[in-house]
Amino acid sequence: MSPDQEARVCDALVNLGWLENDHALHAEGVRAIRQALGCSMDDAKAVLHDLRSRKLIGITMTPGGELDARKPMPLAKFRWERPPTQ
């Protein structure tokens, strides 16, 4: 994969925004990669693994908020992010 393709894939992942759980995050991430590269599901999973292992993309989540017995339990949300460059 070229550096330009890597950048497009990372942008597509970040642009997914906040999702309700890590399963949705990974499923939508694979879908976004397939769409960006026109590749198979297995190839998209391999690309996602490669980007994560090289720390070009990571996961962040909301803290979930304060617990209050009078309110519904706050849920954390997940999203892809690019780690800060060093």
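Shown above is the structure to which this text applies.
Note that the structure is predicted; figures quoted are calculated from it, not measured. (Residues numbered from 1 in each chain as written. Predicted model: local features only at pLDDT ≥ 70, side-chain atom pairs only at ≥ 80, totals over all residues. Heavy atoms only, no water.)

S.K.: What should I look at first to understand the packing of helix 1 (residues 3-14) against helix 3 (residues 41-53) in this one?
M.R.: The description of two packed helices rests on the angle between their axes and on the distance between the axes. Helix 3 packs onto helix 1 with a crossing angle of 90° between their chain directions and a minimal axis gap of 12 Å. Between helix 1 and helix 3, the angle is such that the two are roughly perpendicular. Residue-level inspection shows E6, V9, C10 and L13 of helix 1 in contact with helix 3, the latter providing V47, L48 and L51. When its residues are assigned to classes, the contact of helix 1 with helix 3 shows six nonpolar, no polar and one charged. (Axes fitted to C-alpha atoms, helices over the stretch in contact; angles between N-to-C directions. Helix = DSSP H or I, 4+ residues; strand = E, 2+ residues; numbered from the N terminus. Parallel < 35°, antiparallel > 145°, perpendicular 65-115°, else oblique. Contact = heavy atoms within 4.5 Å. Nonpolar A, V, L, I, M, F, W, Y, C, P; charged D, E, K, R; others polar.)

S.K.: Help me understand unusual backbone geometry in this model?
M.R.: A negative phi angle characterises most non-glycine residues, just as the trans form characterises most peptide bonds. Phi at K55 takes a positive value of approximately 60°, unusual for a residue other than glycine. On the secondary structure map, K55 appears in the loop between helix 3 and strand 1 (58-61). By relative accessible area, which is 64% here, K55 ends up exposed. (Buried < 20%, exposed > 50% of the residue type's maximum accessible area, 1.4 Å probe, protein only.)

S.K.: Could you clarify how one ought to interpret the side chain of E6 in this entry?
M.R.: Among the structural elements, E6 can be located in helix 1. Its relative accessible area of 17% is what places E6 among the buried residues. Those residues within four positions of E6 in sequence are excluded, and the remaining contacts are M1, L51, R54, L56 and R82.

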